[in-house]
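Geometric and topological summary
One-letter residues, chain by chain:
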Amino acid sequence: FNNENKFLYEGTFKIAEDEAELVEGILEIKVTNIKDLAGNETTLGDQTKTSNGRRVIYDRTPATRKSADFYVSGLTAVEKTFYTQYGKKIVANITTDEELGQNPTFTLHNNGKDYVVEDVIYRGLNDKGYHLYQASYELTKETGMTDGEITFTASNIKDLAGNITADVTKPTNGRRIV
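In this report, we go over the structure that sits alongside the text. (Residues numbered from 1 in each chain as written. Predicted model: local features only at pLDDT ≥ 70, side-chain atom pairs only at ≥ 80, totals over all residues. Heavy atoms only, no water.)

1. Section: unusual backbone geometry
Not every positive phi belongs to a glycine, and Asn111 is a case in point at roughly 50°. As for its position among the elements, Asn111 is in the loop between β6 (105–110) and β7 (113–116). One non-glycine residue, Asn156, lies in the positive phi region at around 55°. Along the chain, Asn156 falls in the loop between β10 (150–155) and β11 (157–158). Among the residues examined, Asn156 registers a relative accessible area of 39% and is labelled partly exposed. (Helix = DSSP H or I, 4+ residues; strand = E, 2+ residues; numbered from the N terminus. Buried < 20%, exposed > 50% of the residue type's maximum accessible area, 1.4 Å probe, protein only.)

Here you go:
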């Protein structure tokens, strides 16, 4: 029984990894042969829609990374190499063609040490219609970073269906931070 004291039936269908004939997109449901315990058929006919408006989307394709950028906040955006110092904010971002199920993990690398960025946010759609994820990291003396190049990795990139996209290890526009 459900919370309205009505009978509730459910069915499950497990999609096997080799379901090659199954097309990506909205999966449709069709419930047929609906009868009560006495064998009377329903007057509603076959059911093809859920009563709560929910839907299931089959997706086996990982999100595609469209761009990756890396820069120092407040400096000219046309630079290819950014020089930074304590007190400046480093920004890394990626865009994808579909929404992710969680924010990616951004990690900065400097002279053999890794710094996981805590400040990661979803910015919504950019002007090209891609989903923008951005990490900001303020460079302070307490971070322990030293002179030398700073690189980044964006990892744990998973779409809403859980498909995994390869890690991003460099900006698509060739920018560097030193």
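2. Examining the nonpolar core
Phe70, Ile94, Phe106, Leu108 and Phe152 are the most contacted members of the largest nonpolar core, which totals 25 residues. Contributing elements (two or more residues each) for this core: β3 (65–72), β5 (89–96), β6, β9 (131–138) and β10. Residues in contact with Leu108, not counting those within four places in the same chain, are Phe70, Ile90, Lys113, Asp114, Tyr115, Val117, Tyr137, Met145, Ile150, Thr151 and Phe152. (Core = buried A, V, L, I, M, F, W, Y, C linked by side-chain atoms within 4.5 Å. Contact = heavy atoms within 4.5 Å.)

3. Some words on the side chain of Thr143
By the element assignment, Thr143 lies in the loop between β9 and β10. You can call Thr143 buried: its relative accessible area is 16%. Here the side chain of Thr143 touches Met145 through a polar contact of 3.3 Å, landing on its backbone nitrogen. Apart from residues no more than four positions distant in its own chain, Thr143 is found in contact with Tyr86, Tyr115, Tyr137 and Glu138. (Polar contact = N/O pair within 3.5 Å; in protein donor to acceptor, adjacent residues only side chain to side chain.)

4. Topic: the sheet that holds β9
Taken in spatial order, the four strands line up as β3-β5-β9-β8 in an open sheet, and their pairing is antiparallel. Two strands lie at the open edges of the sheet, namely β3 and β8 (119–125), each paired on one side alone. The mean inter-strand angle of the sheet, taken between neighbouring strand axes irrespective of direction, is 15°. Pairing between β5 and β9: eight bridges, direction antiparallel. When the bridges of β9 are listed, Asn93 appears paired with Gln134. (Pairing = 2+ DSSP bridges. Axes fitted to C-alpha atoms, helices over the stretch in contact; angles between N-to-C directions.)

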